[in-house]
Amino acid sequence: MKRQLEETFPSNMTEPSNVLVVGVGGQGVIMISKVLTILCQQQGLEVKQSEVHGMAKRGGSVFSHVRFGGHIYSPTIPQGEADILVALEWAEGLRWLPYLKAEGGTFLVDTQQIVPPFACRDRRINARRGYVDKNMTELIRQIPNSLALDAVSMATDAGVPKAANTVLLGALSTALHFAPEAWKKVIEDTVPAKTIAGNLLAFEAGRDTSLALDEEIPAVSHQEKTDITEDVCHYNAQLEINEAWCKSCDICVRFCPECCLRLDEQQIVELFEPDLCTGCRMCEWLCPDFAINVHLETVFET
Ligand code: SF4
Ligand code: SF4
C-alpha cells in the first residue's frame, strides 16, 4: 500500500492556514517558505511569514512560519496550531511535532539526519550517538496524514543533489490546493537561472513521491552493528570530498578527533594526514553541506 498526502486545505479562507517549515542551516528552509509566501500573495491571499535563522552556516536550527488566508494578524504559529509541518531533517521534525495540530495535521519529513556536534562525543566506529532513535516507520504510521521521504536521494536521482528542499516543495504542493503550474512559476522566478531545470525536475519528483508503508524507513546509522570484532580486523578509510559543496565552515576540521583535516589555501577542506584518519565518520555526520563521504574498507589480519 502506498501513502500520499491528502489535499486538506485551504478550504475555508476565512480561517488562517498555518505551515511551519523547520530544518538546519544550509538545507533551504527559507527557500521553501519564500516560494509558498510568494505563491499565496499571487493567489490574492493575505500572508505573513516570519523566520529564525539559527547558526545557519554551522548547521544550527532554522525555522519559518507561513500563515495565509483571508486576514492574518500574527506572523507566528502557536503550539498545536500548524496545519502542516515540513521538516527537512528528522530530529528537527520530531522536535517541532508539538506544533502540529493533533487532529488533522499534516507531517512531511525528510529522513535526512544531520547529527549535531554534541551528539558525537564517542569517536569509536559504530559508537552510539546521542541522536534521536525513535523508529521512523512507527511514527509515520501513527500520524494519519504524514509522509517521510529520502529527499536527498530523490534529488540526487533527479540530477540535482542540492535540491532536496525542492523535492519537499513538490510533496508539499500535493497537500495544498494550488495549481502545480503556479508553484513551478514561482520556483522559476526564485531559484538561480542555471538551476531552474533541475529544480523543476526535483519538484516533479516530490509530487510523484509516495512511501510504501510496508517498507522500513532506514534506521539511524548508529544502530548499525558489525559482527566483525576489531581484534581480527581494521579499517582502511577513504575520504571522498566534494570540493564544490564545501563552504569552509571549519566544523569538520575542529571536530575531527585525530586532527587530520584542515582548510587549504582556497579554504576547502582537505585530509592532510591520511594515515591518522580512523574512519570514525564524524566529519561526514557533522558537515552541514554533505561535502564529505567516508568509505570504509574492512581489512582482515592474517
Ligand atoms: S567539508 Fe568541513 S569545512 Fe567544508 S562545509 Fe563540510 S564541515 Fe564545513
Ligand atoms: S577525517 Fe577521519 S578521523 Fe577525522 S573525522 Fe573524518 S573520518 Fe574521523
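Here, every reference points to the structure presented above.
Definitions and cut-offs
- Residues numbered from 1 in each chain as written.
- Chains lettered and ligands numbered in written order.
- Predicted model: local features only at pLDDT ≥ 70, side-chain atom pairs only at ≥ 80, totals over all residues.
- Helix = DSSP H or I, 4+ residues; strand = E, 2+ residues; numbered from the N terminus.
- Buried ≥ 20, exposed ≤ 12 C-beta atoms within 10 Å, placed from the backbone.
- Contact = placed C-beta atoms within 7 Å.
- Near = placed C-beta within 6 Å.
- Nonpolar A, V, L, I, M, F, W, Y, C, P; charged D, E, K, R; others polar.
- Arc of directions from axis to C-beta.

### What to know about the overall build of the protein
And step 1. Along the backbone of the protein there are nine helices and twelve strands.
And step 2. Within the span of the protein, comprising 302 residues, buried residues form 40% of the whole.
And step 3. The contacts in the protein between residues at least 6 apart in sequence include a share of 68% that link residues at least 24 apart.

### What about the site of ligand 2?
And step 1. Lining the immediate environment of ligand 2, one finds 16 residues, of which Cys-256, Cys-277, Cys-280, Met-282 and Cys-283 sit closest.
And step 2. Taken together, the elements giving at least two residues each to the shell around ligand 2 come down to β9 (233-241) and α9 (282-286).
And step 3. In terms of residue class, the shell around ligand 2 is built from twelve nonpolar, two polar and two charged.

### Some remarks on the site of ligand 1
And step 1. Close to ligand 1 lie 13 residues; Cys-246, Cys-249, Cys-252, Cys-287 and Ala-291 are nearest.
And step 2. Partitioning the shell around ligand 1 into residue classes produces nine nonpolar, one polar and three charged.

### Overview of helix α6 (residues 180-190)
And step 1. Turning to α6, its buried residues number three or more, namely Trp-183, Val-186 and Ile-187. Looking down the long axis of α6, one finds its buried residues gathered within 100° of arc, a one-sided arrangement. Along α6, exposed side chains directed more than 90 degrees from the buried face belong to Glu-181 and Asp-189.
And step 2. Buried residues belonging to α6 abut α1 (29-42), α5 (164-173) and α7 (196-208).

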